[in-house]
Amino acid sequence: MRKSARSFYQLPDLGHGHRGRTFRRLLAEAVALVRRGRIPSVAEVAQSAGVSRATAYRYFPSRSKLVSAVIAEALAPVRRAVPQQGDPKRRLHELVDRTYSRFREYEPHMRAALQLALEHQSLEAAGLLEEEPFRRGQRQEILDITLSPLKSKLKPRGYNRLLKGLAVVYGIEPMVILKDICGASDRETEAVVRWMMDALVDAALRERRK
């Protein structure tokens, strides 16, 4: 069964009552604090939101849950905008059209998620991680839906390799490399990402013909 964009992680629907308002207030404070350039503790978010620590920990028992909620809030429109019409290259360009403005707006939050994932990976490998590990994901699901027309044209090995290659060039990592190391502007970064996507699809199709 083909994956649907609806299968992506979504924020809990707590309604418009007290629980829902408290959750949204905590989440809004977390989004604002992360935008300043660092990952706050749950206690810091509670203090900023004027909510007790005990209450905050009921909604976000760990930094992992907190950052997951922040990313879900930031990128929810991205996950709803996965193209499902047209040829693969056109769909990839449409995906960039729909999502890169959101990536730029929430770049600090995506960088924070990358930072936490790398921190947890190192601590976990050393046996020193003392909280729930933060796992990133769903990039491959987004790309898999976008590339679905190629599934019948490529062998499984070639399709999976293309999916992995595109996962490298779509997301925060190429933005970090191109902007921080290469000094590229936002516009240049987006153009290079589009070029790499086209090149990968072309390479996969050439390989199929051979």
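For the structure itself, consult the block above.
Notes on the structure in this doc start here. Computed from a predicted structure; not experimentally measured.

Our next topic: the overall build of the protein. Helices and strands together make up the secondary structure of the protein, namely 10 helices and zero strands. The linear arrangement of helices and strands in the protein, starting from the amino end, is α-α-α-α-α-α-α-α-α-α. Burial statistics for the protein: of 210 residues in total, 45% are counted as buried. By sequence separation, contacts in the protein at least 24 residues apart represent 69% of the contacts at least 6 residues apart.

In this section: the packing of helix H6 (residues 107–125) against helix H9 (residues 172–181). Describing two packed helices takes the angle between their axes plus the distance from one axis to the other. Contact geometry for H6 and H9: axes closest at 10 Å, N-to-C directions at 105 degrees. With respect to their mutual orientation, H6 and H9 come out roughly perpendicular. Seen from H6, the contacting residues are Glu107, Met110, Arg111 and Leu114; seen from H9, they are Ile172, Glu173, Met175, Val176, Lys179 and Asp180.

Here the focus is helix H10 (residues 186–209). Look at H10: 35 Å from first C-alpha to last across 24 residues, which is about the 34 Å you get at 1.5 Å a residue. Burial in H10 covers these residues: Thr189, Glu190, Val193, Arg194, Met197, Asp198, Val201, Ala204 and Leu205. Considering only its buried residues, H10 is in contact with helix H5 (88–105), helix H8 (156–169) and H9.

Inspection of every chain in the model, using the stated rule, returns four aromatic pairs. With centroids separated by 6.0 Å and ring planes inclined at 45 degrees, the aromatic side chains of Phe23 and Tyr59 adopt a geometry described as tilted. Of this pair, Phe23 sits in helix H1 (residues 18–35) while Tyr59 sits in helix H3 (residues 53–59), and the two are 36 residues apart along the sequence. Residue Phe23 shares its accessibility class with Tyr59, and that shared class is buried. Through pairs of rings, three or more aromatic residues link up here, namely Phe23, Tyr59 and Phe60. Taking NZ or CZ as reference, Arg35 lies 5.0 Å from the ring centre of Tyr106, over its face.

This structure, assessed with the given rule, holds 19 salt bridges. For the salt bridge of Arg111 with Asp180, the shortest nitrogen-to-oxygen distance reads 2.9 Å. Taken together, the residues span a long stretch of sequence, with Arg111 in helix H6 and Asp180 in helix H9 at a distance of 69 residues. In this structure Asp180 comes out as partly exposed when scored by relative accessible area, which is 48%.

Another aspect to go through is the packing of H5 against H10. In the contact formed by H5 and H10, the axes pass within 11 Å of each other and the chain directions differ by 155 degrees. Judged by the inter-axis angle, H5 sits roughly antiparallel to H10. Viewed along their axes, H5 and H10 form a crossing whose handedness is right-handed. Here Lys89, Leu92, His93, Val96, Asp97, Tyr100 and Arg104 of H5 come into contact with H10, specifically with Asp186, Thr189, Glu190, Val193, Arg194, Met197, Asp198, Val201 and Asp202. A per-class count over the contact of H5 with H10 returns six nonpolar, two polar and eight charged.

Cut-offs used in this document
- Residues numbered from 1 in each chain as written.
- Predicted model: local features only at pLDDT ≥ 70, side-chain atom pairs only at ≥ 80, totals over all residues.
- Heavy atoms only, no water.
- Helix = DSSP H or I, 4+ residues; strand = E, 2+ residues; numbered from the N terminus.
- Buried < 20%, exposed > 50% of the residue type's maximum accessible area, 1.4 Å probe, protein only.
- Contact = heavy atoms within 4.5 Å.
- Axes fitted to C-alpha atoms, helices over the stretch in contact; angles between N-to-C directions.
- Parallel < 35°, antiparallel > 145°, perpendicular 65-115°, else oblique.
- Expected span 1.5 Å × (residues − 1).
- Phe/Tyr/Trp six-rings, centres within 6.5 Å; stacked < 30°, edge-to-face > 60°.
- Lys NZ or Arg CZ within 6 Å of the ring centre and 35° of its normal.
- Salt bridge = Lys/Arg side-chain N within 4 Å of Asp/Glu carboxyl O.
- Left-handed = near helix turned anticlockwise from the far one by under 90°.
- Nonpolar A, V, L, I, M, F, W, Y, C, P; charged D, E, K, R; others polar.

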